[in-house]
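Residues per chain are reported as follows:
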Amino acid sequence: MFRAVTAKEAQINRLKAEIETADAIIIGTGAGLSTSAGFTYTGSRFRQYFSDFEDKCGFHDMYSGGFYPYKTPKEHWAYWSCYIEVNRYRNTDRPVYENLYKLVKDKDYFVITTNVDHCFQKAGFDKKRLFYTQGDYGLFQCSVPCCQTTYDNRESIGRMLKEQKDMRIPSELLSICPVCGKPLTEYFVLREPLIFI
Ligand SMILES: [Zn+2]
């Protein structure tokens with residue numbers, strides 16, 4: 001006996017056929033793709049990493065914590081180093097990006113994304129075929145900004161995370177622009193849109 005194809009299956013079949021026959025594919029994505037891969041900013045994943053900040057500051061999700069007015073840069077970076085570590089340098093639980101890559105890797109593809117968590121690059125997408133319009137958690141920029149340079153933050157973030165105590169990083173770990181001597185800051189557009197390079 002034949003089972004009727006559901007509306008959802010029909011949509012998936014159509015998408016599959018379009019992907020297989022398309023000359024080129026443009027992918028547009030936002031936060032939902034990373035949420036589906038396991039990068040949730042609320043609930044148990046938030047509490048796993050930030051219950052101390054929740055108790056002290058009173059916010060209940062990572063996104064809100066990013067806008068919290070910390071009293072000092074040392075507290076700001078205690079929060080942000082953990083945030084960047086878990087949302088940029090750790091891998092997602094589910095292979096959503098990897099599966100998407102398998103579907104398009106032999107195609108002429110291009111990605112436009114508001115995501116700043118670097119998941120496309122980690123899954124194998126070619127950097128030249130990506131336009132991440134809002135930046136990348138893995139980079140710093142000058143807070144002035146005095147120039148258009150970005151700086152890889154892997155090592156700085158790792159040390160801030162490791163050496164912080166009582167929700168503060170040591171002052172010597174605050175990152176400074178090598179050109180003008182002002183603080184470096186996160187390279188993404190949401191928090192400081194006016195200085196985003
Ligand atoms: Zn500078």
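Everything quoted here is computed from the prediction, not taken from an experiment.

*Asks:* Please clarify how the sheet that holds strand β4 (residues 135-142) should be interpreted in this entry.
*Replies:* The strands that make up a sheet pair up through hydrogen bonds in the backbone, lying either parallel or antiparallel. Reading across the sheet, the 3 strands line up as β5-β4-β6 and stay open at both edges, with antiparallel pairing between neighbours. Strands at the two margins of the open sheet, each flanked by one partner only, are β5 (150-152) and β6 (184-188). Across this sheet, the average inter-strand angle for adjacent strands is 50°, counted without regard to direction. Bridge count for β4 against β6 is 4 bridges, and the pairing is antiparallel. Considered in β6, the bridge of G135 is made with F188.

*Asks:* Before we go on, may I ask you to explain helix α1 (residues 7-21) in this structure?
*Replies:* Given 3.6 residues per turn, any residue in an α-helix points the same way as the ones three and four places further on. For α1, spanning 15 residues, the distance from its first C-alpha to its last is 21 Å, which sits close to the expected 21 Å at 1.5 Å a residue. Sparse coverage of α1 is indicated by the burial of 0 of its 15 residues.

*Asks:* Looking at this model, I keep getting lost on the sheet that holds strand β3 (residues 130-132). Mind explaining?
*Replies:* Strand order in the open sheet formed by 3 strands is β1-β2-β3, with parallel pairing between adjacent strands. A strand with exactly one partner marks an edge of an open sheet, and here the two such strands are β1 (24-29) and β3. Here the average twist between neighbouring strands, direction ignored, is 10°. Direction of pairing for strand β2 (residues 108-113) relative to β3: parallel, over a ladder of 3 bridges. Counted as the bridge partner of I112 is F131 from β3.

Parameters at a glance
- Residues numbered from 1 in each chain as written.
- Predicted model: local features only at pLDDT ≥ 70, side-chain atom pairs only at ≥ 80, totals over all residues.
- Pairing = 2+ DSSP bridges.
- Helix = DSSP H or I, 4+ residues; strand = E, 2+ residues; numbered from the N terminus.
- Axes fitted to C-alpha atoms, helices over the stretch in contact; angles between N-to-C directions.
- Expected span 1.5 Å × (residues − 1).
- Buried ≥ 20, exposed ≤ 12 C-beta atoms within 10 Å, placed from the backbone.

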